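Each chain, written out:
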Amino acid sequence: MACESWRDKLDAYADGELPDVEARKLAQHLPQCGSCAADALQRVQLKRAVSIAGRAYQPTADFRRQVEQSLGKSSVQGKPWAWKLVIAPAALVLIISLSLLFLMNRENAKRSRAFGEIADLHVATLASATPVDVVSTDRHTVKPWFEGKIPFSFNLPELQGTNFSLVGGRLAYLAQSPGAQLIYRLRQHQLSVFIFQERETGDTNRDPQPVTALSFTFETWSKNGLRYYVVGDVPASDIQSLSQLFRNSS
Amino acid sequence: MPATTFAELALPLFDQLYNFAHWLTRDPVEAEDLVQETYTKALRGFSGFEAGTNFRAWMFRILRNSFLTSRTGLKAFASGEEDLEALASDRPTPEQTLILEADRDTVRQALAQLPVAAREILLLCDVEEMSYEEIAQVLAVPIGTVMSRLHRARKALRGHVLKRSEGVAHGV
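Residues numbered from 1 in each chain as written. Chains lettered and ligands numbered in written order. Predicted model: local features only at pLDDT ≥ 70, side-chain atom pairs only at ≥ 80, totals over all residues. Heavy atoms only, no water.

### Re the overall build of chain A
The helix and strand tally for chain A stands at 8 helices and 7 strands. Burial analysis of chain A (250 residues in total) assigns 37% to the buried set. Contacts in chain A between residues at least 24 apart in sequence constitute 58% of all its contacts with a sequence separation of at least 6. Carbon and sulfur atoms form 54% of the exposed surface of chain A, whose accessible area is close to 14,200 Å². (Helix = DSSP H or I, 4+ residues; strand = E, 2+ residues; numbered from the N terminus. Buried < 20%, exposed > 50% of the residue type's maximum accessible area, 1.4 Å probe, protein only. Contact = heavy atoms within 4.5 Å. Areas by Shrake-Rupley, 256 points an atom, 1.4 Å probe, with all protein chains shown as cover.)

Okay, here's the thing in structure tokens:
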């Protein structure tokens, strides 16, 4: 079909009103004809421009109420205060829902930020020329090294019978608070376990579940006033195993 | 049918009907009167509404007919139709880019300047996203007429937008 004939059908095409057979033929024609394609594009864009510009006017709340009342939708005629009984609990539920949503978002944002910082610490350690301050595969050497350097104490798990091996430890800081960073090896991967004093992170009662972000897998939990983070570029099941070892020992 | 059923069907259309009424009347107070009149008439005639037919088209048709018979509507429809062709633009490519760049206010002003017959069909098609068949029901015309009116309305709108865009481009 010649372009002239297609031109007459471009509006119907843009409106989705062209019969299927013709629409398919036109769809085949457009990629081969620059001028018809440009014309079709322009019509679609004009249509979209009208769609946006045309949504211009909003009725007032008063007018909406007036129409609703005229349709008997509202019970105002019978009991002028009755709508408040419906609205008040509904508003309360709405406020509570919105607050929860806000808090959840805030908590999620806080959690994401914490994971981001933990990932940074982990990556910085791996990139460091001296990744560990105390090099030892013996937990009885590593644990005492932290004494006097951090304001708390913790237990390290027994790794016998597992695929994890301890590489060493170093001091880490999260939000100006000193903590312990333990580095473990699993196959060719290195994992970090961070232990800090619990602050108001909002994570206290969260079920420890591995979370994947920034291509790292994280798990975090709180126990006895300490906040633990396990991070590494390994599957969630490995993070979970190491976390479980720590939970059993602490 | 009970009034609640009508309200359940009709109230969700409230915002759309008001927007359409405002575009037709070009006045917020008249738009409110028109919408209120539409709901009153529709409620009264609801028993005659055939279940299964297009309720939205029916409501828009009532609104449009109410406008058509109002003083503003009579005046609006009496004038303006003839200058549709004069405004139409067939000019090709270079200016087309102006349409792509036209902002919402330019298109809004161009829509406002169109004769009401062009404006209403563009709103029904592009804003309300009605099918040609629905538009035919609202305007009570054959589908062929819908297509030709739509075509002329779009040409006219293009003409207005280009004129405004060129005016802006030349600092007019």
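### Quick word on helix H4 (residues 55-68) of chain B
All names here are of chain B. Between its first and last C-alpha atoms H4 spans 20 Å; for 14 residues at 1.5 Å apiece the expected length is 20 Å, and the two agree. Buried residues dominate H4, accounting for 10 of its 14 residues. Buried within H4 are the following residues: Phe55, Arg56, Ala57, Met59, Phe60, Ile62, Leu63, Arg64, Ser66 and Phe67. Put simply, Asn54 is the residue that caps the front of H4, since its side-chain oxygen is 3.1 Å from the backbone nitrogen of Arg56. (Expected span 1.5 Å × (residues − 1). Polar contact = N/O pair within 3.5 Å; in protein donor to acceptor, adjacent residues only side chain to side chain.)

### Section: the interface of chain B and chain A
Taken together, the 37 residues of chain B in the interface contact 30 residues of chain A. Taken together, both faces of the contact between chain B and chain A bury some 3,300 Å²; the carbon and sulfur share is 62%. On the surface where chain B and chain A come into contact, there are 5 salt bridges. Salt-bridge contacts for Asp11 of chain A lead to Arg154 of chain B; the nearest nitrogen and oxygen are separated by 3.4 Å. Viewed at the interface, chain A and chain B are joined by 16 residue pairs in polar contact (both at pLDDT 80 or more). Elements with a contribution of two residues or more to the side of chain B that touches chain A: helix H1 (3-10), helix H2 (14-25), helix H3 (28-45), helix H7 (93-101), helix H8 (104-113), helix H9 (116-127) and helix H11 (143-169) of chain B. The element best represented in the side of chain B that touches chain A is H2 of chain B, accounting for 6 residues. Of the residues contributing to the side of chain B that touches chain A, the split by class is 21 nonpolar, 6 polar and 10 charged. (Buried area = accessible area lost by both parts, 1.4 Å probe. Salt bridge = Lys/Arg side-chain N within 4 Å of Asp/Glu carboxyl O. Nonpolar A, V, L, I, M, F, W, Y, C, P; charged D, E, K, R; others polar.)

### With respect to the pairing of strand S2 (residues 164-174) of chain A
Here is the key point about a regular strand: its side chains alternate between the two faces of the sheet. Residue and element names in this part refer to chain A. Inspection of the sheet shows strand S1 (residues 134-135) paired to S2 by 2 bridges, in the antiparallel sense. Across the sheet, the residue bridging to Val134 is Gly169, located in S2. Bridge count for S2 against strand S3 (residues 177-186) is 10 bridges, and the pairing is antiparallel. Looking across to S3, one finds that Leu166 is bridged to Tyr184. Here S2 folds back onto S3 in antiparallel fashion, the turn holding 2 residues, of which Ala175 has a positive phi close to 50°. (Pairing = 2+ DSSP bridges.)

### So, the pattern of salt bridges
Enumeration according to the criterion identifies 20 salt bridges over all chains in this entry. Glu198 of chain A is the salt-bridge partner of Arg227 of chain A, the closest N and O atoms lying 2.9 Å from each other. Residue Arg227 of chain A is found in strand S7 (residues 226-232), and its partner Glu198 of chain A is found in the loop between strand S4 (189-197) and strand S5 (211-213); the two are separated by 29 residues along the sequence. The buried category is assigned to Arg227 of chain A, whose relative accessible area is 2%. If you follow the salt bridges from partner to partner, you end up with Arg7, Asp11, Asp15, Asp39, Arg43 and Lys47 of chain A together with Asp126 and Arg154 of chain B in one network.

### Things to note about the nonpolar core
Core analysis: the biggest nonpolar cluster contains 69 residues, and Phe6, Tyr39, Met59 and Leu157 of chain B have the highest contact counts within it. In terms of residue count, H9 of chain B provides more of this core than any other element does, 8 residues in total. Two domains each donate at least three residues to this core, and these are domain 1 (1-79) and domain 2 (80-172) of chain B. In terms of nonpolar packing, the next biggest core, distinct from the first, is built from 26 residues, Ile195, Ile239, Leu242 and Phe246 of chain A among them. (Core = buried A, V, L, I, M, F, W, Y, C linked by side-chain atoms within 4.5 Å. Domains from an automatic or database assignment.)

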